[in-house]
Amino acid sequence: MVQLWCQGRCFHSVAAVIFDKDGTLADVAHYLRWVAIARAVKIAEHFPNLKETLLQAFGVIGEHLDPTGLQAVGTRQENLIAAAAFVATQGIPWIAALERAKAAFSEADREFTVKAALTPLLPGVIELVQRLHGLGCALAVISNDRTIEIEAFLDTYHLKPFFQLWQGGDEPPMKPDPQVFLRVCDRLGVQPEQTVVIGDADSDGLMARRGGAAGSIGVTWGWHAPPILNYCDCILASPLEMQIIPEEN
């Protein structure tokens, strides 16, 4: 077990750390902005007046992406439903609106077929992961991204040997439902109170709090404009700020 020190706060007897992926391990800000724009453009081919509204809804702000917005935090399905709702405001029946949004998303997806290659590791992350693993911490990923994308990311950046399991948003429940956290703890063979969650969104902090985790560490190192995090126990701007100290049994 280890102690994790974060801004003067210490989490004792930590046996496991659960990471978010996008914005925590992976640099996704530019990628997600490109995807949001592509989706809005495809829908705007049929409904030109919706383009700016969709971009705003997805969280595209000039050259950047809102780290707390729909595209950054929401699942693909949540983004799809939101887009379809805007299409429906154009007098399109719901099922037809949903099908048009699905078609637009599929067309946009074909422009970004290899997500892992476009979302590199964030600076300092590999050193943090290696340090935790080397001191005996069990490591896992809980992400609202698809499981296949998590696995591709871990493969691409040679992280698989460090992680015992990973859970995607295509296997409900999803964050911030504490059941996903509790299920991962059970699979890791650790108690929730021995586990710390590290992520860049309120969904991570809420999941940890509701699941009885030892605590949650919010991170801002993946974004140009640091996200406002209301449910994390402490917040770090760099992986290098975290102190990891072996704990005697």
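For the structure itself, consult the block above.
First, a word on scope: everything that follows refers to the structure included in this document. Note on numbering: residues in each chain are counted from 1, in written sequence order. In keeping with the predicted nature of the model, local features appear solely for residues at pLDDT of at least 70, side-chain atom pairs appear and are counted solely at 80 or more, and the whole-chain, interface and lining totals rest on all residues. Each side-chain value is worked out from all heavy atoms of the structure, with water and hydrogens disregarded.

1. A word on the sheet that holds strand β11 (residues 243–246)
Condition: Two strands are said to pair when DSSP picks up at least two bridges between them. To qualify as a helix, a DSSP run of H or I must reach at least 4 residues; to qualify as a strand, a run of E must reach at least 2; elements of each kind are numbered from the N terminus. Between the N-to-C directions of two axes lies an angle of 0 to 180 degrees, each axis being a line fitted to C-alpha atoms and, for a helix, fitted only over the stretch in contact.
Reading across the sheet, the three strands line up as β2-β1-β11 and stay open at both edges, with antiparallel pairing between neighbours. One side of each edge strand has no neighbouring strand; the edge strands of this open sheet are β2 (9–14) and β11. Here the strands of the sheet are splayed against their neighbours by 20 degrees on average, with no regard to which way each runs.

2. As for the sheet that holds strand β6 (residues 138–142)
Picture the strands of a sheet paired through backbone hydrogen bonds; they go either parallel or antiparallel. Inclusion rule: It only takes one pair of heavy atoms within 4.5 Å for two residues to be counted as in contact.
One open sheet holds the six strands; their spatial order is β7-β6-β3-β8-β9-β10, and the pairing between them is parallel. The open sheet terminates on both sides in strands that have one partner only, identified here as β7 (165–167) and β10 (234–236). Neighbour-to-neighbour, the strand axes of this sheet turn through a mean angle of 25 degrees, independent of strand direction. On the sheet, helix α8 (residues 147–156) packs against β6 and β7 and is oriented at approximately 140 degrees with respect to β7.

3. Notes on a nonpolar patch on the surface
Inclusion rule: For patches, a residue must show more than 30% relative accessible area and have no salt bridge; joins then use 9 Å for like charges and 5 Å for nonpolar side chains, namely Val, Leu, Ile, Met, Phe, Trp and Tyr. Each accessible area is a Shrake-Rupley result for a 1.4 Å probe, and residues are judged covered by the shown protein chains and nothing else. Think of a salt bridge as a Lys or Arg side-chain nitrogen and an Asp or Glu carboxyl oxygen that are within 4 Å of each other.
A surface patch of nonpolar side chains, amounting to about 280 Å² of accessible area, comprises I81, W94 and I95. Along the polypeptide, W94 turns up in helix α5 (residues 94–109).

4. Describing the state of the cysteines
In plain terms, the rule: Here, a disulfide means two cysteine sulfur atoms that sit within 2.5 Å of each other.
For the structure on display, the rule yields one disulfide. In this model, C6 is linked to C234 through a disulfide, with the two sulfur atoms separated by 2.0 Å. What sets the handedness of the C6 and C234 disulfide is the S-S torsion sign, and at about 125 degrees it is right-handed. In this pair, C6 sits in strand β1 (residues 2–6) while C234 sits in strand β10, placing the two residues 228 residues apart along the sequence.

5. With respect to α5
Basically, it comes down to this: Working rule for helices: expected span equals 1.5 Å times residues minus one. Categorising residues by exposure relies on relative accessible area from a 1.4 Å probe, with only protein chains included: less than 20% of the type maximum marks a residue as buried, more than 50% marks it as exposed, and the intermediate range marks it as partly exposed. This arc corresponds to the set of directions leading from the helix axis out to the C-beta atoms.
With 16 residues, α5 extends 22 Å between its outermost C-alpha atoms, agreeing within 8% with the 22 Å of an ideal straight helix rising 1.5 Å per residue. Of all the residues in α5, the buried ones are A97, L98, A101, A104, F105 and A108. One face of α5 carries all of its buried residues, which in axial projection span an arc of 125 degrees.

As far as function goes, none of this settles anything; it's purely spatial.
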